[in-house]
Amino acid sequence: MLRWSLAALAAVAVSACQQLPEPPEPLGPYTGPGTSLSAPASPSEATFAFEPFTGAPGNIADDLSRLIGNEAQKQGLTLVRRVGASATYRVNGYLTSTGEPSSATVFYVFDVVDGSGNRRTRITGSETVAGTAGDPWVAVESTTLERIANRTVVELKAWLNRQ
(Lines give C-alpha, C1' and ligand atoms only; values in the text may rest on other atoms or scores of the structure.)
Protein backbone atom coordinates (compact mmCIF):
# COMPACT_ATOMS: atom_id res chain seq x y z
CA MET A 1 0.00 0.00 0.00
CA LEU A 2 2.85 2.40 0.90
CA ARG A 3 4.62 1.63 -2.39
CA TRP A 4 1.41 2.33 -4.34
CA SER A 5 0.89 5.60 -2.44
CA LEU A 6 4.45 6.72 -3.17
CA ALA A 7 4.04 5.80 -6.84
CA ALA A 8 0.80 7.78 -7.01
CA LEU A 9 2.46 10.78 -5.35
CA ALA A 10 5.35 10.61 -7.81
CA ALA A 11 2.97 10.38 -10.77
CA VAL A 12 1.08 13.46 -9.60
CA ALA A 13 4.32 15.41 -9.11
CA VAL A 14 5.59 14.49 -12.57
CA SER A 15 2.27 15.16 -14.27
CA ALA A 16 2.14 18.68 -12.86
CA CYS A 17 4.33 19.94 -15.71
CA GLN A 18 7.48 19.67 -13.59
CA GLN A 19 6.28 22.26 -11.07
CA LEU A 20 7.43 21.97 -7.51
CA PRO A 21 4.88 20.41 -5.18
CA GLU A 22 2.66 22.98 -3.53
CA PRO A 23 1.62 22.28 0.04
CA PRO A 24 -1.92 23.22 0.97
CA GLU A 25 -2.56 26.73 2.23
CA PRO A 26 -3.02 26.99 5.99
CA LEU A 27 -6.60 26.90 7.23
CA GLY A 28 -6.01 29.77 9.57
CA PRO A 29 -3.42 31.33 11.82
CA TYR A 30 -1.28 29.01 13.91
CA THR A 31 -2.47 29.38 17.46
CA GLY A 32 -0.62 26.54 19.12
CA PRO A 33 2.08 26.75 21.75
CA GLY A 34 5.21 28.67 20.95
CA THR A 35 3.67 31.42 18.85
CA SER A 36 5.26 34.81 18.97
CA LEU A 37 3.42 37.82 17.59
CA SER A 38 6.26 40.31 17.70
CA ALA A 39 8.74 40.77 14.89
CA PRO A 40 12.42 40.75 15.77
CA ALA A 41 14.09 44.07 16.42
CA SER A 42 16.95 42.94 14.19
CA PRO A 43 17.79 39.85 12.09
CA SER A 44 20.20 38.68 14.79
CA GLU A 45 17.26 38.41 17.24
CA ALA A 46 15.10 36.23 14.97
CA THR A 47 14.55 32.63 16.01
CA PHE A 48 13.27 29.74 13.91
CA ALA A 49 11.47 26.55 14.90
CA PHE A 50 11.44 23.86 12.22
CA GLU A 51 8.32 21.74 12.38
CA PRO A 52 8.58 18.01 11.50
CA PHE A 53 9.05 17.56 7.75
CA THR A 54 6.19 16.18 5.68
CA GLY A 55 6.78 13.63 2.94
CA ALA A 56 10.25 12.28 3.69
CA PRO A 57 11.00 8.95 5.40
CA GLY A 58 11.99 9.30 9.06
CA ASN A 59 15.70 8.66 8.54
CA ILE A 60 15.93 11.26 5.75
CA ALA A 61 13.92 13.81 7.77
CA ASP A 62 16.08 13.21 10.87
CA ASP A 63 19.32 13.57 8.89
CA LEU A 64 18.12 16.75 7.16
CA SER A 65 16.98 18.23 10.46
CA ARG A 66 20.40 17.56 12.01
CA LEU A 67 22.20 19.02 8.98
CA ILE A 68 20.05 22.17 8.99
CA GLY A 69 20.85 22.59 12.70
CA ASN A 70 24.58 22.24 12.02
CA GLU A 71 24.46 24.67 9.10
CA ALA A 72 22.40 27.19 11.07
CA GLN A 73 24.94 27.10 13.89
CA LYS A 74 27.83 27.68 11.42
CA GLN A 75 26.04 30.67 9.90
CA GLY A 76 24.77 32.22 13.13
CA LEU A 77 21.07 31.48 12.63
CA THR A 78 19.23 30.75 15.89
CA LEU A 79 17.07 27.62 15.92
CA VAL A 80 14.70 26.65 18.70
CA ARG A 81 14.74 22.89 19.21
CA ARG A 82 12.23 22.30 21.99
CA VAL A 83 8.69 21.37 20.98
CA GLY A 84 6.32 24.24 21.74
CA ALA A 85 9.11 26.71 22.48
CA SER A 86 8.59 30.33 21.50
CA ALA A 87 10.10 31.35 18.15
CA THR A 88 9.81 34.37 15.89
CA TYR A 89 9.17 32.16 12.86
CA ARG A 90 8.04 28.59 12.30
CA VAL A 91 9.27 26.67 9.28
CA ASN A 92 7.09 24.00 7.68
CA GLY A 93 9.01 21.68 5.37
CA TYR A 94 7.59 19.54 2.57
CA LEU A 95 9.70 17.03 0.66
CA THR A 96 9.02 14.55 -2.11
CA SER A 97 11.18 12.41 -4.33
CA THR A 98 10.66 11.03 -7.82
CA GLY A 99 12.71 8.43 -9.64
CA GLU A 100 13.80 7.86 -13.20
CA PRO A 101 15.67 4.78 -14.44
CA SER A 102 19.04 6.48 -13.86
CA SER A 103 18.33 9.27 -11.38
CA ALA A 104 16.18 10.54 -8.55
CA THR A 105 15.08 14.08 -7.75
CA VAL A 106 14.25 15.49 -4.33
CA PHE A 107 11.89 18.47 -4.35
CA TYR A 108 11.66 20.62 -1.23
CA VAL A 109 9.53 23.51 -0.05
CA PHE A 110 10.01 25.40 3.21
CA ASP A 111 7.31 27.86 4.23
CA VAL A 112 8.35 30.42 6.85
CA VAL A 113 5.37 31.67 8.83
CA ASP A 114 5.10 34.32 11.51
CA GLY A 115 3.36 34.01 14.85
CA SER A 116 0.00 34.78 13.21
CA GLY A 117 0.39 31.96 10.70
CA ASN A 118 1.04 34.28 7.76
CA ARG A 119 3.56 32.99 5.26
CA ARG A 120 6.45 35.43 5.13
CA THR A 121 8.60 33.64 2.56
CA ARG A 122 8.93 30.35 0.72
CA ILE A 123 12.14 28.52 -0.09
CA THR A 124 11.93 25.97 -2.90
CA GLY A 125 14.37 23.83 -4.78
CA SER A 126 15.31 20.45 -6.09
CA GLU A 127 18.34 18.20 -6.13
CA THR A 128 18.89 15.48 -8.72
CA VAL A 129 21.12 12.53 -7.88
CA ALA A 130 22.35 9.62 -9.94
CA GLY A 131 20.96 6.12 -9.50
CA THR A 132 17.72 4.74 -8.19
CA ALA A 133 16.60 1.27 -7.23
CA GLY A 134 12.83 1.58 -7.25
CA ASP A 135 12.49 3.76 -4.18
CA PRO A 136 13.94 7.17 -5.09
CA TRP A 137 14.74 7.95 -1.45
CA VAL A 138 17.36 5.16 -1.51
CA ALA A 139 19.49 7.26 -3.90
CA VAL A 140 19.46 10.31 -1.61
CA GLU A 141 22.80 10.52 0.16
CA SER A 142 24.16 12.73 2.89
CA THR A 143 25.84 15.08 0.40
CA THR A 144 22.44 15.78 -1.21
CA LEU A 145 20.92 16.60 2.17
CA GLU A 146 23.92 18.80 3.00
CA ARG A 147 23.29 20.86 -0.17
CA ILE A 148 19.60 21.22 0.75
CA ALA A 149 20.49 22.25 4.31
CA ASN A 150 23.09 24.76 3.13
CA ARG A 151 20.81 26.33 0.53
CA THR A 152 17.92 26.55 3.01
CA VAL A 153 19.96 28.30 5.70
CA VAL A 154 21.64 30.64 3.19
CA GLU A 155 18.23 31.64 1.81
CA LEU A 156 16.80 32.15 5.32
CA LYS A 157 19.72 34.44 6.23
CA ALA A 158 19.39 36.37 2.95
CA TRP A 159 15.66 36.83 3.56
CA LEU A 160 16.26 38.07 7.12
CA ASN A 161 18.85 40.56 5.92
CA ARG A 162 16.37 41.99 3.38
CA GLN A 163 13.81 42.69 6.13
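Heads up: these notes are all about the structure in this document. All of these numbers come straight from a predicted model, not from anything done at the bench.

Direction vectors running N to C along helix α2 (residues 58–75) and helix α3 (residues 142–162) enclose 45°, while the axes themselves pass 8 Å from each other. Here α2 lies oblique to α3, going by the angle between them. The element α2 and its partner α3 pack so that their crossing is right-handed. Together, Ile60, Asp63, Leu64, Leu67, Ile68, Glu71, Ala72 and Gln75 of α2 and Ser142, Leu145, Glu146, Ile148, Ala149, Asn150, Val153, Val154 and Lys157 of α3 make up the contact between the two elements. Residue composition of the contact of α2 with α3, grouped by class: 10 nonpolar, three polar and four charged.

Further remarks concern the packing of aromatic side chains. Both the distance between ring centres and the angle between the ring planes are used here to describe each pair of aromatic rings. The final tally for this structure, using the stated rule, is six aromatic pairs. Where Phe50 meets Phe53, the ring centres are 6.4 Å apart and the plane angle is 80°; that geometry is what we call edge-to-face. Using a relative accessible area of 13% as the deciding quantity, one classes Phe53 as buried. Their ring planes at 75° and their centres at 5.0 Å tell us that Tyr89 and Trp159 sit as a pair that is edge-to-face. Of the two residues, Tyr89 is situated in strand β3 (residues 89–99) and Trp159 in helix α3; the sequence distance between them amounts to 70 residues. Here Tyr89 and Trp159 have matching classes, each one buried. Taken together, the ring pairs connect Phe50, Phe53, Tyr108 and Phe110 into an aromatic cluster.

Judged by nonpolar contacts, the single largest core of 28 residues is most densely connected at Phe48, Leu64, Leu95 and Phe110. Those elements that provide at least two residues to this core are α2, β3, β4 (103–113) and α3. Counting residues per element, this core draws most heavily on α3, which supplies seven residues. In this view, Phe48 contacts Leu77, Thr78, Leu79, Val80, Ala87, Tyr89, Val91, Val112, Leu156, Trp159 and Leu160; residues no more than four positions away in its chain are not counted.

What follows deals with the sheet that holds β4. By definition, the strands of a sheet pair up through backbone hydrogen bonds, in either a parallel or an antiparallel sense. Strands sit in the order β2-β1-β3-β4-β5 across an open sheet of five strands; the sheet is mixed. Two strands close off the open sheet at either side, each with one partner strand: β2 (78–79) and β5 (119–130). Summarising the sheet, strand β1 (residues 47–50) and β3 pair through three bridges and their orientation is parallel. In the sheet register, Phe50 faces β3, and the bridge partner there is Val91. Along the sheet, α3 contacts β1, β3, β4 and β5; its crossing angle with β5, the most-contacted strand, is approximately 155°.

The rules behind the values
Residues numbered from 1 in each chain as written. Predicted model: local features only at pLDDT ≥ 70, side-chain atom pairs only at ≥ 80, totals over all residues. Heavy atoms only, no water. Axes fitted to C-alpha atoms, helices over the stretch in contact; angles between N-to-C directions. Helix = DSSP H or I, 4+ residues; strand = E, 2+ residues; numbered from the N terminus. Parallel < 35°, antiparallel > 145°, perpendicular 65-115°, else oblique. Left-handed = near helix turned anticlockwise from the far one by under 90°. Contact = heavy atoms within 4.5 Å. Nonpolar A, V, L, I, M, F, W, Y, C, P; charged D, E, K, R; others polar. Phe/Tyr/Trp six-rings, centres within 6.5 Å; stacked < 30°, edge-to-face > 60°. Buried < 20%, exposed > 50% of the residue type's maximum accessible area, 1.4 Å probe, protein only. Core = buried A, V, L, I, M, F, W, Y, C linked by side-chain atoms within 4.5 Å. Pairing = 2+ DSSP bridges.

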